[in-house]
Amino acid sequence: MTPGPGQLNGAEAAADLRQAADLRQAGEGRQKGDGPQAGEPLLAVKGLTIDLPGGAVQPGLVEDVTFDVHKGRAVALIGESGCGKSLTSMAILGLLPAAVRVTAGSVMFDGVDLLTCSKRQLRRVRGGPVGMVFQEPMSSLNPTMTVGDQIAEVRRLHLGERRSVALKQARELLERVGIPKAEKRLRSYPHEMSGGMQQRVMIAAAIACEPKLLIADEPTTALDVTIQAEILELLRDLRRDLDLAVLLVTHDLGVVADFCDDVVVMYAGHIAERTPVDGLFYEPKHPYSSALLSAVPQSGRARTNLTVISGRVPSAGQFPTGCRFEPRCEHSVDSFCRRPQADTALADDHRTRCGRVAAGELTLKGAVRG
Amino acid sequence: MSPRMIIRRLGGSLLVLWLVSILTFLLVQLIPGDPAEVIAGENATVAEVARIRTELGLDKPVLEQYFNWFTGVLHGDLGHSLSTNRSVVSTIAEAAPATLVITTMAILVAIVIGVTAGVAAGLTQGSWVDRAVSTLATLGIAMPSFWLAMVLVSLFALTNPWLPATGYVDIREGFGVWLSHVILPATALGLATAAELARHTRGCVADVLTRPYVRTARARGASGAWLVRRHILRNSAIPVVTVLGLQAGRLFGGVIVVEAVFGISGLGSLAINSVLQRNYPMIQGYVLLSAVIVVLINLIVDLAYGWINPKVRAA
């Protein structure tokens, strides 16, 4: 299911890229958030560091991750498997597995630091103003509860509704996410539904209390391509209707081009580059971003070799001390790149962790060519 | 669970019972030499041997013998005890209540103690509660029930004379009296099963806690009792019910020892005496009853699966 290192989602992604570029040139906003971000962000992640507690020399699984999600905007968190994107998204709602800990940073949501607030406050946020959708709908739904009860649960927990009332709302939510015969489906169990339907149920539960932010951790990765498109379409509708901000964890560049306003590129626990979507595709400012773009197969050019990024993401504990991408980078200069790289702002909304790009020594090619 | 499935399970159970009836019948046929002589014993007269032969129908062809015996079983006639000449069915019916009550209570003790301790340990992995439960469970599994029974008697009946040390009284003599006679044997019998259940429950709860749907429930704001009751318990229950089903059969066999310690004349002592006296009709009755009980327990376990897990209902 998961594409191997360097082989991001296939041909349809390339087609998406081109289409997205066309749309941009035609000046059509694709229901994205309006204009540049203004005011306080809805979600502000600052200096987030996640460690495996234990040895003194444990390096961060995720280190110094900083980004904002503004009201109504969609932010993509991308990178290969094992780069820390899922950990980052889990850490926001305090859902990390027991073995890992957040050791530094803050996650401000609506003026509250979710990392230090009381458990009670955190519970109120989970499923309330922040909804979450996970990768595998089958295993993420409780097999012994009807889908109606699982959706109704959110309203019972947060609004204190009685079961019968909450089930009525669940019915409307099922209709809202496009499930036919909602009345009957309320009483279905997850295993009686297809993967796409299950993911719709997950989404219905996530939006049951009209959240301001939806965190979606690879919501389409486990689904068929045609179903992926339907789920994305649904998310797009919900964004428009509910003015929903979305943090989308994905490794599908096509989805990013199609759906998101801003991109955070993660590599080996660091943020490599942070930029509006256009910036990533036209002028990537980190060799890793550029490599990801060139790894997307180009449709219409049959029988060419797939471009891959050689090597693989180092596992935690084996991160290089300098630039973490240096061993795989085709632009690396030993003496310089083996020193730690600072996160540098190139423009208001465009930051990179590549010192060579920041110093103007290196210009990278984007994905959308002539 | 659909009616069709229930019927299918019932059919399977009946088939098993029928096969057991054949084996039970063959019990007498498989006695080496002349069964009648063996059953009558070494000092029997020729007349006695002949009487036993006619009594058991051993002078007829095997198939006819089986047919006659099986027809009897279906009508609730299992023949007569060779030692007392009373009907097997009424002898068993007299001894059965004490045994069944103690076994059932032992299962209840096991469920209440085992599941509670297991859930507590599973939810607090690594804590002192968890370690205490694991240690006690290992101890509970290692201790033989007769020893446990003697310890309980010495503690709660002799040192502190709170409960009677021996005997069984019918519930019609009063609930309190009845309960006081049942508690100690049921606990002695059930604790090992409680320990086994506690270990399995702990493992299942620990496993369910790592499942994505528990994370999903947390992401919806569920926690504490809500999370445990709706998301963890039911999903942990299937393996626990399986173990309980296996253990229930074992308890029914293990009750013999506990009956001996507490001086209760139940099915256990009846079975042992019948074996020692080569009282074959009684043994046949006991084996058949055991088979019915084990098959019933399995049926209940199967039905419970369907109730717990909607996927089984559809299968």
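Computed from a predicted structure; not experimentally measured.

Novice: Mind showing me how you'd approach the overall build of chain B here?
Specialist: Scanning chain B from N- to C-terminus turns up 13 helices and zero strands. Secondary structure elements in chain B, listed N-terminal to C-terminal, are α-α-α-α-α-α-α-α-α-α-α-α-α. In terms of principal-axis extent, the alpha carbons of chain B reach across some 80 × 55 × 35 Å. By the burial criterion, 35% of the 315 residues in chain B qualify as buried. For chain B, the share of sequence-separated contacts (at least 6 apart) that also reach a separation of at least 24 residues comes to 72%.

Novice: Can you help me understand the overall build of chain A in this one?
Specialist: Looking only at helices and strands, chain A has 14 helices and 12 strands in total. For chain A, with 370 residues in total, the buried portion stands at 49%. Residue pairs at least 24 apart in sequence account for 68% of intrachain contacts in chain A once pairs closer than 6 positions are excluded.

Novice: How should the sheet that holds strand S7 (residues 213-217) of chain A be read in this particular structure?
Specialist: Adjacent strands of a sheet form backbone hydrogen bonds with each other and so pair up, either parallel or antiparallel. Residue and element names in this part refer to chain A. One open sheet accounts for eight strands, arranged S6-S7-S8-S3-S9-S10-S12-S11; its pairing is mixed. Bordering the open sheet on either side are strand S6 (130-133) and strand S11 (344-347), each of which pairs with just one other strand. The mean angle between the axes of side-by-side strands here comes to 20 degrees, regardless of whether they run parallel or antiparallel. Judged from the four bridges that link them, S6 and S7 form a sheet pairing that is parallel. Its bridge partner lying in S7, Val133 is registered against Ala216.

Novice: Teacher, can you tell me more about the interface of chain B and chain A here?
Specialist: It is common to give the size of an interface as the accessible area lost on bringing the parts into contact. Chain B puts 20 residues into the contact, and the matching count from chain A is 24 residues. Of all the secondary-structure elements, those providing two or more residues to the side of chain B that touches chain A are helix H9 (212-219), helix H10 (224-262) and helix H13 (310-314) of chain B. Across the side of chain B that touches chain A, the residue classes tally to seven nonpolar, six polar and seven charged.

Novice: Even after reading the chapter, I still don't get the nonpolar core, so can you show me in this structure?
Specialist: In globular proteins that are soluble, nonpolar side chains generally tend to be buried together. Among the nonpolar cores identified, the biggest contains 107 residues, and Ile151, Ala204, Leu248 and Val256 of chain A are the most heavily contacted of them. The element that contributes the greatest number of residues to this core is helix H8 (residues 195-206) of chain A, accounting for seven residues. Look past the residues within four positions of Leu248 of chain A in its chain and what remains in contact with it is Ala74, Ala76, Leu77, Ala216, Phe259 and Cys260 of chain A. Leu152, Ala192, Cys204 and Phe252 of chain B belong to the second largest nonpolar core, which has 46 residues in total.

Novice: What should I look at first to understand the domain arrangement of chain B in this one?
Specialist: Residues and elements named next belong to chain B. Domain parsing of chain B yields domain 1 (24-88) and domain 2 (95-314). A separation of 37 Å is found between the C-alpha centroids of domain 1 and domain 2. Between domain 1 and domain 2, the residue contacts involve 13 residues of the former and 11 residues of the latter. When residues of the side of domain 1 that touches domain 2 are traced back to their parent elements, those giving at least two are helix H1 (3-29) and helix H2 (35-40). Ranked by the residues each element gives to the side of domain 1 that touches domain 2, the list is headed by H1, at three residues. The class makeup of the residues in the side of domain 1 that touches domain 2 is eight nonpolar, five polar and no charged.

Calculation criteria
- Residues numbered from 1 in each chain as written.
- Chains lettered and ligands numbered in written order.
- Predicted model: local features only at pLDDT ≥ 70, side-chain atom pairs only at ≥ 80, totals over all residues.
- Helix = DSSP H or I, 4+ residues; strand = E, 2+ residues; numbered from the N terminus.
- Buried ≥ 20, exposed ≤ 12 C-beta atoms within 10 Å, placed from the backbone.
- Contact = placed C-beta atoms within 7 Å.
- Pairing = 2+ DSSP bridges.
- Axes fitted to C-alpha atoms, helices over the stretch in contact; angles between N-to-C directions.
- Nonpolar A, V, L, I, M, F, W, Y, C, P; charged D, E, K, R; others polar.
- Core = buried A, V, L, I, M, F, W, Y, C linked by C-beta atoms within 7 Å.
- Domains from an automatic or database assignment.

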